[in-house]
Amino acid sequence: MKPCYVIVLMICLITLPGLSDCPAIPGVRSAPGSHLSVATATAIPENLDPLWKSIWALGASEHCNLWVLMAIGFSVGILGRFFGVGGTCLVTPGLNISGFPIAMAVGTDLTQMTAKAYLRVSKGGLSDHIDLKLLVLLITGMITGVESGVRTVMWLTKMHLAATLIRVVYLLVFAGLGLFMANEYRKLTRRDSGQTFTDSSWLPPLDEGGTVISRKLQAMKFPPIVTLSASGVQVSFWIIIAIAFVTGWLFGLLGGIGAFLPLPAMIYLMGIPVGIALRTDLYATAASGTYGCLTYALKGQVEIMAVFWILLGTFIASLVSARAVSSVRGKGIQLLYAGTAIAIALSIVFRQFNLIVPAQTLFLVAVLVACAIIIIQTLKDYTKSRQI
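Owing to the predicted nature of the structure, the values given are computational and were not obtained by experimental measurement.

K.L.:
What exactly am I supposed to notice about the overall build of the protein here?
P.N.:
Along the protein, the regular secondary structure elements total 16 helices and two strands. Counting the 388 residues in the protein, one finds 48% classified as buried. Long-range pairs, those at least 24 residues apart, make up 77% of the contacts in the protein between residues at least 6 apart in sequence. As displayed, the protein has an accessible area near 18300 Å², and 70% of this comes from carbon and sulfur atoms.

K.L.:
What is the right way to read the pairing of strand β2 (residues 233-236) from this model?
P.N.:
The two faces of a sheet get side chains in turn, since along a regular strand they alternate between them. Looking at chain direction, strand β1 (residues 225-228) and β2 are connected through four bridges and run antiparallel. Looking at the pairing, Ile225 lines up with Ser236 of β2. Hairpin connection between β1 and β2: a loop of four residues separates the two successive antiparallel strands, and Gly232 in this loop has a positive phi of roughly 70°.

K.L.:
Teacher, can you tell me more about the confidence of the model for the protein here?
P.N.:
Do not read the fine detail of predicted coordinates wherever pLDDT is low. Per-residue pLDDT for the protein averages 76, and the proportion of residues at 70 or more is 71%. Per-element confidence in the protein ranges from a low mean pLDDT of 33 for helix α2 (residues 38-42) to a high of 92 for helix α8 (residues 132-158). Considering only residues more than four positions removed or in separate chains, one finds that residues 1-11, a stretch of pLDDT under 50, has 14 contacts. Segment residues 193-200 is flagged for pLDDT under 50; beyond a separation of four residues in sequence, or across chains, it makes 20 contacts in the model.

K.L.:
Any chance you could explain helix α10 (residues 212-219) here in plain terms?
P.N.:
Given 3.6 residues to a turn, an α-helix orients residues that are three or four positions apart in the same direction. Along α10, the residues classified as buried are Ser214, Leu217 and Gln218. Seen end-on, α10 carries its buried residues on one side only, within an arc spanning 100°. Seen from the buried face of α10, the exposed residues on the opposite side, beyond 90 degrees, are Val212, Lys216 and Ala219. Residues of α10 that are buried sit in contact with β2, α11 (237-254) and α12 (262-268).

K.L.:
Honestly, the nonpolar core in this entry has me stumped. Any pointers?
P.N.:
A general tendency of soluble globular proteins is for nonpolar side chains to be buried together. Phe174 and Ile272 are the most contacted members of the largest nonpolar core, which totals 94 residues. Beyond its immediate sequence surroundings of up to four residues, Ile272 is in contact with Leu134, Leu228, Ser231, Val233, Met266, Ile267 and Ala277.

K.L.:
Looking at this structure, I do not really get the environment of Ala366. What am I missing?
P.N.:
With respect to the helices and strands, Ala366 occurs in helix α16 (residues 356-387). Here Ala366 falls in the buried class, since its relative accessible area comes to 11%. In this structure the C-alpha to C-alpha distance between Ala366 and Ala341, which are 25 residues apart in sequence, comes to 8.4 Å. Ala366 has contacts with Thr340 and Ala343, leaving out every residue within four places of it along the chain.

K.L.:
For this particular structure, what's the right way to read empty space enclosed by the protein?
P.N.:
Unfilled space is identified by rolling a water-sized probe across the atoms. On inspection of all chains with the given rule, the structure shows one cavity of 30 Å³ or more. Estimated volume of the largest cavity: approximately 60 Å³. For the largest cavity, the full set of lining residues is Thr92, Pro93, Asn96, Ile97, Ile102, Ile166, Arg167, Tyr170, Ile348 and Arg351. Secondary-structure elements contributing two or more residues to the lining of the largest cavity are α6 (91-97), α9 (162-191) and α15 (332-352). Sort the elements by how many residues they give to the lining of the largest cavity and α6 lands first, with four residues. Its residues assigned to classes, the lining of the largest cavity shows six nonpolar, two polar and two charged.

K.L.:
Can you help me understand the packing of α8 against α11 in this one?
P.N.:
The geometry of a pair of packed helices is captured by two quantities: the angle between their axes and the separation between those axes. Packing of α8 against α11 leaves a shortest axis separation of 6 Å and a crossing angle of 40°. Our classification of the angle between α8 and α11 gives oblique. Seen from above, α8 lies across α11 with right-handed handedness. Here the residues of the contact of α8 with α11 sort into 16 nonpolar, nine polar and no charged.

K.L.:
Would you mind going over α11 with me for this structure?
P.N.:
In a regular helix each residue adds 1.5 Å, so 18 residues correspond to 26 Å; α11 covers 26 Å between its end C-alpha atoms and thus fits that length. Inspection of α11 places Ile239, Ile240, Ile241, Ile243, Ala244, Thr247, Gly248, Phe251, Gly252, Leu253 and Leu254 among the buried residues, and these make up the whole buried set. Looking one or two places after α11, you find Gly255, whose phi comes out positive at around 80°.

K.L.:
How do you make sense of unusual backbone geometry when you look at a structure like this?
P.N.:
The phi torsion of most residues other than glycine is negative, and most of the peptide bonds are trans. Phi at His160 takes a positive value of approximately 60°, unusual for a residue other than glycine. By the secondary structure assignment, His160 is in the loop between α8 and α9.

K.L.:
Whenever I open this one, the packing of aromatic side chains confuses me. Can you help?
P.N.:
How two aromatic rings sit relative to each other is given by the distance of their centres and the angle of their planes. Scanning the entire structure with this criterion turns up three aromatic pairs. Ring geometry for Tyr170 against Phe174: centres 6.5 Å apart, planes inclined by 25°, an arrangement best described as stacked. Here the residue Tyr170 and the residue Phe174 both occupy positions in helix α9, the gap between them amounting to four residues, near one helical turn. By the burial criterion, Tyr170 is buried, and Phe174 matches it. Seen in terms of ring centroids, Phe237 and Trp238 are 4.9 Å apart; in terms of plane orientation they differ by 85°. Their pairing is edge-to-face. According to the relative accessible area criterion, Phe237 is partly exposed, its value standing at 23%.

K.L.:
Before we go on, may I ask you to explain the environment of Ile276 in this structure?
P.N.:
Mapped onto the elements of the fold, Ile276 is located in helix α13 (residues 274-298). Under the relative-accessibility criterion, Ile276 is labelled buried at 8%. When the C-alpha positions of Ile276 and Leu263 are compared, they lie 10.0 Å apart, and in sequence the two are 13 residues distant. Residue contacts for Ile276: discarding those within four places in its chain leaves His129, Ile130, Asp131, Ala230 and Ser231.

Cut-offs and rules
Residues numbered from 1 in each chain as written. Predicted model: local features only at pLDDT ≥ 70, side-chain atom pairs only at ≥ 80, totals over all residues. Heavy atoms only, no water. Helix = DSSP H or I, 4+ residues; strand = E, 2+ residues; numbered from the N terminus. Buried < 20%, exposed > 50% of the residue type's maximum accessible area, 1.4 Å probe, protein only. Contact = heavy atoms within 4.5 Å. Areas by Shrake-Rupley, 256 points an atom, 1.4 Å probe, with all protein chains shown as cover. Pairing = 2+ DSSP bridges. pLDDT = per-residue confidence, 0-100. Arc of directions from axis to C-beta. Core = buried A, V, L, I, M, F, W, Y, C linked by side-chain atoms within 4.5 Å. 1 Å grid on protein atoms, 1.4 Å probe; cavity = no way out; pocket = protein on both sides within 12 Å on 5 of 7 lines; lining within 4 Å. Points joined across faces, edges and corners; volume = space filled by probe spheres on them. Nonpolar A, V, L, I, M, F, W, Y, C, P; charged D, E, K, R; others polar. Axes fitted to C-alpha atoms, helices over the stretch in contact; angles between N-to-C directions. Parallel < 35°, antiparallel > 145°, perpendicular 65-115°, else oblique. Left-handed = near helix turned anticlockwise from the far one by under 90°. Expected span 1.5 Å × (residues − 1). Phe/Tyr/Trp six-rings, centres within 6.5 Å; stacked < 30°, edge-to-face > 60°.

Quick look at the structure:
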């Protein structure tokens, strides 16, 4: 067995004791009226066929609805390949809309992100594309930041502010992405261009020397100065630690969205070459995420079985999405991105106002319809290729 798989298994085993005090997801810690009681939620209708009774029993377990979790994981697996950040940060809002307390939603999201990071690490060992000195500094700063982020979430939870503030952040992210992609689609439609979808045109121009921002930061000679030989960059120790701490804090505070910040921070703020930044970010995310999921688990804010079902849904999606990437392209994916992101933003608004059923329905319909459109287009492309 590969070492990374052993590490993932150890994370699961270590987090299990921290779950003993976790309430069932349809529990008293959820918003009033957001869920049925456990007994009601798990009751199986008597008039169902025996086969459907078995399926219902699996979906209506004591802790959560497994079909919803698999749908969230499946959507992340499909949409993440097309929507980038907009597709892979669905888990925290999806879990919260489905009834998870916000702290548990973040902790569970962070845990499944960490597990996926280890699985990606298993595809390749240490190589020349990792800056070990930078990696050590990033892990140091990010772990400190993650701990601060987790403490911030728990403090906000005691103040009854965590749910509102974190939902507002995700609302701004999805609404911003949706409006941005709708504007990009409008521009391309006017030009009648064959340009393909991108969600990164807002980033500063990148050349061999980095960006204007990275060059200015490298020029700030606050001692000690760290020479990153593998990256060919000299930058202040305090700048590296500050960037690592802030990205780690957002990782611990927000879950999925925060996991994507270290990579652009390394490329656009520190001027690290893209190839080295990609691999270094993967290991830094895995290490800091491990600490984050453990500290969330010790606070009773990780639902480990939810992590399993989300990962299972993502795995099933990966079997489909590999071919879909080459099948679905062009301007239409931008419009799909915009519509899905705006629908998710609206579902977050519904959840904030305790419109539970409309929020859950809109969220699931939005992500599953987007997945269905991509899969149907993939099947059409496959059928055409077979006929040629």
